[in-house]
Structures are given as C-alpha cells and as structure tokens.
Amino acid sequence: MADNNLYDIAIIGGGLAGLTLSIQAADAGYRVILFEKESYPYHKVCGEYISLESHDFLLGCGVPLQEWSLPDIHFLQVSDAKGNSYDFDLPLGGFGVSRYKLDHALYQLAMQKGVVIHTACKVNDIQFAENVFTIETSIGVFSAKTTAGSFGKRSNLDLKWNRSFAAAKPNKLNHYIGVKYHIQYPHPADTIALHNFKDGYCGISQIEEGNCCLCYLTTAANLKNSGNSIQQMEEKILSDNSQLKKIFTNAGHLYAQPLTISQVSFDPKTQVENHVLMLGDAAGLITPLCGNGMSMAMHSGKMAFGLISSFLSGTINRNDMEQQYALLWKNEFGTRTRMGRIVQYFFGGTTSTALFLKAMHTFPSLSKKLIEQTHGKGF
C-alpha cells in the first residue's frame, strides 16, 4: 500500500532551479513538495539578465514570455574603473525580466500543476536513513524519496552540514556583498552594461515595463572602508567611474532601500551533499561573469530531473544518480565557470581592467570567442 505521506521529490528552495524542477516533476506525474522561506512575490538580489539558452525551456514550463514584451538584449557595454567604455556584440543574446515577476509566475504554474508548496517555511534539517529523507521544517516533518537543494548562495543547511565553503575563512573568493536596485533610467533596451570600479563591478539592463535592474558586487572591505554606508560607498568608490556617477546622479529609484546580501562565496562547492542533489548557486561557483547564473540554475534543474526520474523509475540506483549528476554538472559548467573566474580576475581593478578591455576591443575575434565561452547553448 502506498504511503501518502511520502513524496517522490522534496525541493528545498523556490528560486528558478527549484520551481522549474518542480514543474517538470509535476508534469511527469510525480508527487512533489517544495519549501520556500519567503512569500511570493518578492525581490531578490540578482542581475535579472537571462541568456537565450533558457528561453525555450521557460516556454516549455508554461511561462508566457512572448506576452510580456520583454527587452531583447544583443549588445554588451563594458567600462573600466574610470568610465572609458567599450562595446561588444552578444552572439547569443538574452532578455531582461525581474525575479519578482518571473519567480511569481513559476510559483503560480507549479501550484496549478499540483506541486505542494509551503511558503514562509524554514527547513531546519534534512536526515537520510533507510533510503528516505526526513525533512524537518518550521511547520512540521515531511518525508521524500529524493531531495534537491535549491537554497541559493548560503543557507543554514550549509552551516549545519559543515560544507567546506561555509567554514572557510574570509578570502578573495568568499567575502563579497551584493546590492541591487530597480531604477528608472534611459538605458538602451538592447544593451547590458558592466561598469567596473575599485574591487567590484556593476551591471545595468532593462527589465519589464521599461524599468532597469542595477546590481553590483563588491568586497566587504569596500563597505567597511566607507563607514558601512552603502550611499557613501557609491559616492566615494563607485562614482569614480563616470558612467556610474551619471547613473547614481540621474536615476529614479523604484524602492526606498536597496536589497543587499552578504557573505557571498565563489569558493568551490559540491554538487551532492548528504545524498541531496544541489541546484544552481547551492551547487557552487556560479560567478557573475560566467555567462548567466539564472540559465545555469534552470539547466541544473533539468539535468537533475532527468536523473531523478530515472532513479524513481528504477532505471538507475541512487549512487549512479548522484555520481552521474556531479559528472554532468562538471561537464556542462566546468569550462564555463573557469572562464568566468578568468574574466573576473581582470575585473574590479584599475590598470588591469583597462588593459584587458583595450585588448578585447582591439581583437574582436578574441572578445567574441571569450564571450561565447561564458555562455551556454539552448537546452
């Protein structure tokens, strides 16, 4: 007799990877439960540019992208720390949409397809024994045959499991902060811009309704040296870049305070932890310059679903599922993330960034190849 309290798949975290995994699983007839600590709709610190590699996948999930009149992005503008600007083509291109809009749409689709979703719910622990996961949450205890972790860059579970990156001392890869605004600013709809400043870089691109997402990454030291004041840091450090000074001077802000995250780590992470398949940022090292973290997150969910489905149908065992997932992740994203780290090394500097961008602009074939290496193919 079937255990009605045992789900086929439990998903911890309702971002892009978790929600699209839940939709795929529900479409295939599996019993799915998803836990999200926030309540939809809500804003997230995120660049909100999505490469076209995931366009058809989102349509397949039921997202009506064509009805949303989103900006098509085909050009890249990059400036050095002083504001000297260079323009490049984006061979694949992408589109802009806020996480507020996209995540909420995916949440509604998942609910319509029968996914059991608990919002404003914190997962405190996950135990695995006798081939079953026991998920302890703020609203009760649940059981599942398989579990996927889609809980972002840093979670209480990372600390509970003593994951290596969470225990690492502050270093050049793990002590970042992220800041995001939605603004009104006449930024070209077809262009995403990356503006460098000392020890950081800031992206701007259009999203829905002609608004713009402005999101930057910098070191915790920059904030500390600015008296822990974001405004002071923007005035003293970011505005050394003339492009950013123009934006901060003239932009209209759409919410009173910026969204922020801290302790952002790009240290390597494992793709499987305690038999939980990790998706997106939870699986590790998705640098902002490796093409597009949102598409990569969704792609990881698609890869995980194929293997989870094979396991649930008895085609492969749990060990094979875990090993094949880790291998698929590395084969698909390994080169891309390495290239992202190389590019990131040259960003956020003064002289190094200026020289790097001049070289990129002088040799178009090199810049085209580099940009292509940081983007994936359709899935």
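Everything here concerns the structure above.
Note that the coordinates shown come from a computational prediction; the quantities given were computed from them, not determined experimentally. (Residues numbered from 1 in each chain as written. Predicted model: local features only at pLDDT ≥ 70, side-chain atom pairs only at ≥ 80, totals over all residues. Heavy atoms only, no water.)

A.B. asks: Quick rundown of the packing of aromatic side chains? Include the residues and the values.
C.D. replies: A full pass over the atoms with the stated rule returns eight aromatic pairs. Centroid distance Phe35 to Phe142: 5.2 Å. Interplanar angle 55°. Geometry classified as tilted. Of the two residues, Phe35 sits in strand β2 (residues 32-35) while Phe142 sits in strand β9 (residues 140-149), which places them 107 residues apart along the sequence. Among the aromatic residues, ring-to-ring pairing joins Tyr40, Tyr42 and Tyr107 into one connected group. The ring of Tyr7 is capped by Arg31, whose NZ or CZ atom sits 4.4 Å from the centre of that ring. Note that Lys101 overlies the ring of Trp68, its terminal NZ or CZ placed 4.6 Å from the centroid. (Phe/Tyr/Trp six-rings, centres within 6.5 Å; stacked < 30°, edge-to-face > 60°. Helix = DSSP H or I, 4+ residues; strand = E, 2+ residues; numbered from the N terminus. Lys NZ or Arg CZ within 6 Å of the ring centre and 35° of its normal.)

A.B. asks: Mind laying out the pairing of strand β1 (residues 6-12), listing which residues take part and the relevant values?
C.D. replies: Extensive coverage of β1 is indicated by the burial of seven of its seven residues. Of the pairings in the sheet, the one linking β1 to β2 comprises four bridges and is parallel in character. From the neighbouring strand, Ile11 faces β2, where its bridge partner is Leu34. A crossover links β1 with its parallel partner β2, the connecting element being helix α1 (residues 16-27), and its sense is right-handed. (Buried < 20%, exposed > 50% of the residue type's maximum accessible area, 1.4 Å probe, protein only. Pairing = 2+ DSSP bridges. Right-handed = clockwise from strand over helix to strand, strands pointing away.)

A.B. asks: Describe in detail the nonpolar core, supporting the description with residues and values.
C.D. replies: Ranked by internal contacts, the top residues of the largest apolar core, which has 71 residues, are Phe35, Leu102, Ile126 and Ile135. Among the elements that line this core, the one with the most residues is helix α9 (residues 293-312), at 10 residues. Apart from the residues lying within four places of it in its own chain, the contact partners of Leu102 are Leu16, Ile50, Leu58, Val63, Trp68 and Val97. Among the nonpolar cores identified, the runner-up in size contains 20 residues, and Tyr185, Phe197, Cys202 and Leu223 belong to it. (Core = buried A, V, L, I, M, F, W, Y, C linked by side-chain atoms within 4.5 Å. Contact = heavy atoms within 4.5 Å.)

A.B. asks: Any details on the pattern of salt bridges? Residues and values, ideally.
C.D. replies: If the charged atoms of two oppositely charged side chains come close together, the side chains can form a pair. Enumeration according to the criterion identifies six salt bridges in this entry. Lys44 is paired through a salt bridge with Asp103; the nearest N and O atoms lie 3.8 Å apart. Here Lys44, found in the loop between β2 and β3 (49-51), pairs with Asp103, found in helix α3 (residues 99-112); they are 59 residues apart in sequence, far enough to count as distant. By relative accessible area, which is 22% here, Lys44 ends up partly exposed. Looking at Asp103, the relative accessible area reads 2%, which means it is buried. The closest approach of N and O atoms between Arg99 and Asp103, which form a salt bridge, is 2.8 Å. Taken together, the residues span about one helical turn, with Arg99 and Asp103 both in helix α3 at a distance of four residues. Each of Lys44, Arg99 and Asp103 takes part in a single network of salt bridges with overlapping partners. (Salt bridge = Lys/Arg side-chain N within 4 Å of Asp/Glu carboxyl O.)

A.B. asks: I'd like a description of unusual backbone geometry, backed by residues and values.
C.D. replies: Geometrically, the link from Tyr40 to Pro41 is a cis peptide bond, its omega value of -10° lying close to zero. Structurally, the position occupied by Pro41 is in the loop between β2 and β3. A positive phi angle is found at Asn131, which is not glycine, with a value near 70°. By the secondary structure assignment, Asn131 is in the loop between β7 (123-129) and β8 (132-137). Relative accessible area serves as the criterion here: at 45%, Asn131 is assigned to the partly exposed category. The phi dihedral of His275 is positive, around 70°, even though this residue is not glycine. Within the secondary structure layout, His275 lies in the loop between β16 (272-273) and β17 (276-278). Judged by its relative accessible area of 33%, His275 is partly exposed.

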